[in-house]
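Read off the chains here:
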Amino acid sequence: MRYKKRKSISGFAGDTIQYTVMFLPMLILFLVFSTYPVIEGVIYSFTDWDGLNSNVNFIGLRNYKTFFHDFVVLKPLWNTFVYAFWVTIIQNVCALALALALNQKFRTRNLLRTLIFIPVVLSALIVGYLWSYIFTEPMAILGGRLGIDVMKYNMLGNKATALGAGIFVSVWKGVGYTMVIYLAGLQNINQEIQDAALVDGVKGFQRFRYITFPLIAPSFTINIVLVMEGAFKQFDLIFALTGGGPGNASELLSLTIYRESFEYYRAGYGATMGVILALIIIVLSLFELLVLRKREDNIE
Amino acid sequence: MSPQKIRRATGELLMIAFTCVFLFPFYIMIIFAVKTPAQALMDPLSFPTSFEITNFVKAWQMTDFPRTLSNTFIITVTSVFLIVVVTGMGTFVMHRTRNRFVRSLYYFFIAGLMIPFYLSLSPSVKLMKDIGFMDSIPGICISYVGRNIPFAVFLFMGFIRSVPGELAESAVMDGCSPYRMYWGIYFPLLKHVISTLVILDTMAIWNDFLYPLLILQTKRHQTLTLVQYVFRSEANTQWNLIFASYLLSMMPLLLVYFALQKNIVEGIAAGAVKG
């Protein structure tokens, strides 16, 4: 490729101007729409702001103190951990199993992969609404016919099972995404290694444990982090599925923050919970990355 | 047949059976969407005896489908286009410049990945009100760009770093300006990362619910996902209409998915493994 020689004001100064022009849009948009609201959120977390008026009083750490005594809020905090933990585990186990199954030379494997990925493309709100109906009628009818007691009644209306149902639907929606990443990892495995293992008589679970799994460790790391972060940030799906109910049995912290901010007009308190959720996500992400990357290194 | 073949065939049949169970919700949705209201209420699980095209017509009208579809389309396409243009250039500058401060801003940008939107829920709404972007389609597009920069920077940087340095050096020798260097040399090499970014951001913005719920308040600005929230209370328990409208609103993205299925799956896998 040939480029026209520049006649512009010589080299360096011209470059600097162009660099600046190319960089500024990104910097400005990020500062205005990401950084500024976050800083404001942190500041408001120390106030009694209602989200509407400009009339704001600083109340120091009172929101933070309230948080750790507020039973209405501690339950969603606990739920968020339970939800994120189980979604991360179950979705990864299911996705890995599906990836292993669909990595075999089935004639229909491309079709099956395509079908299992479909829910990933759908909006989480619609998935939540769809399943909320399925749990109220078809599942209950099915439970009756199969004689499974828990399923005979609407599982979303039962305090003991509502969050579990939410975990189930989240895995249903997300498993295709995680599976695709595992499949990419599996395809990178050298066929020679697999064949050598087969010749040496390493089979079944042994082969998975010592050959396959160590080689897909990078996909494992990224999937754990991606699923967990997604679970901590989930809102739409649970909002549509149970709305946090019955009571606050399946309420996640994100829903509580939304309610406090826009239904009860305690935006300051909502921001406080946002800060706490952010801290949890930051600590867990860094911790996971450190631990899992170290594991990968050891395996190598 | 050898035992191995039999085992494989059994495995395949099991997977097909599993996939059918997995897709059960779609079966429910489709049989409801073609039933008469009476049938939907009285006999929910039975196989439909008629095909009520009127359900789709009603759902189309009640959700103002052409308008909500075009709103969603405009918002998604504009935002994703701007994200690619703005972040691609910006990340390139962070990579090429000798200015240490600008280079180190990379960490400032990707730190944004870990901050959940819920931390800035009310302040974001307040900001949009203050600058007159409330209930405005161009406004929501511009703010989407600002909010999606961290992930785009993260993806772009991974790939820009892998572009061989000699390529850039020889361009400098030729007297190539930074602007031309980016669009002439780097941009064509970034096709793969751009398709990954376009796929992920399109799915996220097209299906987004919470942010449009807070920002787009009048009916004529609603998106496909947002309108389902409103429609659900309007349609009450007319499940045949509700499911018909779900199917309608899923269709555009599903069609794109089936058309570009291979690229989409590869793009997602590539993005995750590189990251």
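Residues numbered from 1 in each chain as written. Chains lettered and ligands numbered in written order. Predicted model: local features only at pLDDT ≥ 70, side-chain atom pairs only at ≥ 80, totals over all residues. Heavy atoms only, no water.

Right, let's get into the overall build of chain B. The helix and strand inventory of chain B stands at 14 helices and zero strands. Relative to the 2.2 N^0.38 estimate, which gives 19 Å for 275 residues, the radius of gyration of chain B is 24 Å and therefore markedly larger than a compact globule would have. Expressed along its principal axes, the backbone C-alpha trace of chain B runs to roughly 75 × 70 × 30 Å. Of all intrachain contacts in chain B linking residues separated by at least 6 positions in sequence, the fraction that spans at least 24 positions is 69%. Of the roughly 12,600 Å² of accessible surface on chain B, a fraction of 67% belongs to carbon and sulfur atoms. (Helix = DSSP H or I, 4+ residues; strand = E, 2+ residues; numbered from the N terminus. Rg over C-alpha atoms; globule rule 2.2 N^0.38 Å. Contact = heavy atoms within 4.5 Å. Areas by Shrake-Rupley, 256 points an atom, 1.4 Å probe, with all protein chains shown as cover.)

Accessible area lost upon the coming together of the parts serves often as the stated size of an interface. According to the domain assignment, chain B consists of domain 1 (3–52) and domain 2 (64–235). Placing the centre of domain 1 of chain B and that of domain 2 of chain B at their C-alpha centroids yields a distance of 38 Å. (Domains from an automatic or database assignment.)

Now for helix α6 (residues 100–111) of chain B. Residue and element names in this part refer to chain B. Those residues of α6 that sit buried are Val102, Leu105, Tyr106, Phe109 and Ile110. In an axial view of α6, the angular spread of the buried residues amounts to 130°, which keeps them on one side of the axis. Structural note: α6 exposes Arg100, Phe101 and Tyr107 on the side pointing more than 90 degrees away from its buried face. The opening residue of α6 is Asn99, an N-cap whose side-chain oxygen sits 2.9 Å from the backbone nitrogen of Phe101. (Buried < 20%, exposed > 50% of the residue type's maximum accessible area, 1.4 Å probe, protein only. Arc of directions from axis to C-beta. Polar contact = N/O pair within 3.5 Å; in protein donor to acceptor, adjacent residues only side chain to side chain.)

Here Thr272 of chain A shows up in helix α14 (residues 267–299). Not counting chain neighbours up to four residues away, the residues in contact with Thr272 of chain A comprise Ser45, Asn63 and Tyr64 of chain A.

A few words now on the packing of aromatic side chains. Applying the stated criterion across every chain yields a total of 45 aromatic pairs over all chains. An angle of 45° between the planes, with centres 5.3 Å apart, marks the rings of Tyr257 of chain B and Phe258 of chain B as tilted. Note on Tyr257 of chain B: relative accessible area 1%, which makes it buried. When its relative accessible area of 41% is taken as the criterion, Phe258 of chain B is described as partly exposed. Each member of the aromatic cluster is reached from another via a ring pair, and the members are Trp131, Phe135, Phe168 and Trp172 of chain A together with Phe18, Phe22 and Phe26 of chain B. Note that Arg147 of chain B overlies the ring of Tyr211 of chain B, its terminal NZ or CZ placed 4.0 Å from the centroid. (Phe/Tyr/Trp six-rings, centres within 6.5 Å; stacked < 30°, edge-to-face > 60°. Lys NZ or Arg CZ within 6 Å of the ring centre and 35° of its normal.)

As a further point, take the side chain of Arg259 of chain A. Locating Arg259 of chain A in the fold gives a position in helix α13 (residues 253–262). You can call Arg259 of chain A buried: its relative accessible area is 17%.

Moving on: the environment of Lys233 of chain A. Turning to its location among the elements, Lys233 of chain A is positioned in the loop between α11 (217–232) and α12 (236–241). A C-alpha to C-alpha distance of 7.0 Å links Lys233 of chain A and Ser254 of chain A, two positions 21 residues apart in sequence. The contact partners of Lys233 of chain A, leaving out residues within four places of it in the chain, are Ile281 of chain A together with Leu113, Pro116 and Tyr118 of chain B.

Residue and element names in this part refer to chain B. Here the structure, examined in full by the defined rule, presents ten salt bridges over all chains. Arg67 is the salt-bridge partner of Asp64, the closest N and O atoms lying 3.3 Å from each other. Judged by relative accessible area, which is 39%, Arg67 ranks as partly exposed. A salt bridge links Arg96 to Glu169; the nearest nitrogen and oxygen atoms lie 3.6 Å apart. Of this pair, Arg96 sits in helix α5 (residues 65–96) while Glu169 sits in helix α9 (residues 165–173); the two residues are 73 residues apart in sequence, bridging distant segments of the chain. Look at Glu169 and you get partly exposed, because its relative accessible area is 43%. (Salt bridge = Lys/Arg side-chain N within 4 Å of Asp/Glu carboxyl O.)

Let us look at the interface of chain B and chain A. Counting residues at the interface gives 97 residues for chain B, matched by 91 residues for chain A. For the pair chain B and chain A, the two sides together bury roughly 8,400 Å², of which 77% comes from carbon and sulfur. Scanning the region where chain B abuts chain A turns up one salt bridge. Where Lys126 of chain B meets Glu40 of chain A, a salt bridge forms, and the shortest distance between an N and an O atom there is 2.7 Å. A total of 16 residues in the side of chain B that touches chain A trace back to one element, the largest contributor, which is helix α14 (residues 239–274) of chain B. (Buried area = accessible area lost by both parts, 1.4 Å probe.)

A grouping of Leu24, Ile28, Leu31 and Val32 of chain A together with Phe108 and Ile131 of chain B is seen on the molecular surface, where their side chains present a nonpolar patch of about 440 Å² in accessible area. If one sorts the elements of the nonpolar patch by residue count, helix α1 (residues 11–44) of chain A sits on top with four residues. According to the relative accessible area criterion, Leu24 of chain A is partly exposed, its value standing at 36%. (Patch = residues over 30% accessible without salt bridge, like charges linked within 9 Å, V, L, I, M, F, W, Y side chains within 5 Å.)

Under the counting rule described, the total for this entry stands at zero disulfides over all chains. Unpaired in terms of disulfides, Cys94 of chain A finds its nearest cysteine sulfur in Cys20 of chain B, a separation of 18 Å. Given a relative accessible area of 31%, Cys94 of chain A falls into the partly exposed group. (Disulfide = S-S within 2.5 Å.)

The predicted model of chain B averages 88 in pLDDT, with 99% of residues at 70 or higher. Predicted confidence in chain B is weakest over helix α3 (residues 37–42) of chain B, with a mean pLDDT of 74, and strongest over α5 of chain B, with 95. (pLDDT = per-residue confidence, 0-100.)

Our focus in this paragraph is the environment of Lys191 of chain B. Examined against the element boundaries, Lys191 of chain B turns out to sit in helix α11 (residues 191–207). Separated by 59 residues in sequence, Lys191 of chain B and Gly132 of chain B have C-alpha atoms that sit 36 Å apart.

Turning next to the packing of helix α5 (residues 124–136) of chain A against helix α6 (residues 138–146) of chain A. All names here are of chain A. Across the interface, α5 lies against α6 with an axial gap of 3 Å and an inter-helix angle of 35°. When α5 is examined against α6, the residues Trp131, Tyr133, Ile134, Phe135 and Thr136 are found in contact with a partner set consisting of Pro138, Met139 and Ala140. A per-class count over the contact of α5 with α6 returns seven nonpolar, one polar and no charged. (Axes fitted to C-alpha atoms, helices over the stretch in contact; angles between N-to-C directions. Nonpolar A, V, L, I, M, F, W, Y, C, P; charged D, E, K, R; others polar.)

Moving on, we come to unusual backbone geometry. Among all residues save glycine, negative phi is the norm, and among peptide bonds the norm is trans. Even without being a glycine, Tyr265 of chain A presents a positive backbone phi close to 55°. Phi is positive for Asp64 of chain B, close to 50°, though the residue is something other than glycine. Here Asp64 of chain B shows up in the loop between α4 (53–62) and α5. The class of Asp64 of chain B is partly exposed, set by a relative accessible area of 36%.

Residue and element names in this part refer to chain A. A residue-level look at chain A finds 94% of positions with pLDDT of 70 or above and a mean pLDDT of 86. The lowest-confidence element of chain A is helix α9 (residues 191–199), averaging 73 in pLDDT; the highest-confidence one is α12, averaging 95. Low pLDDT (under 50) marks residues 1–10, which in the prediction has 16 contacts with non-local residues, meaning those over four places away or in another chain.

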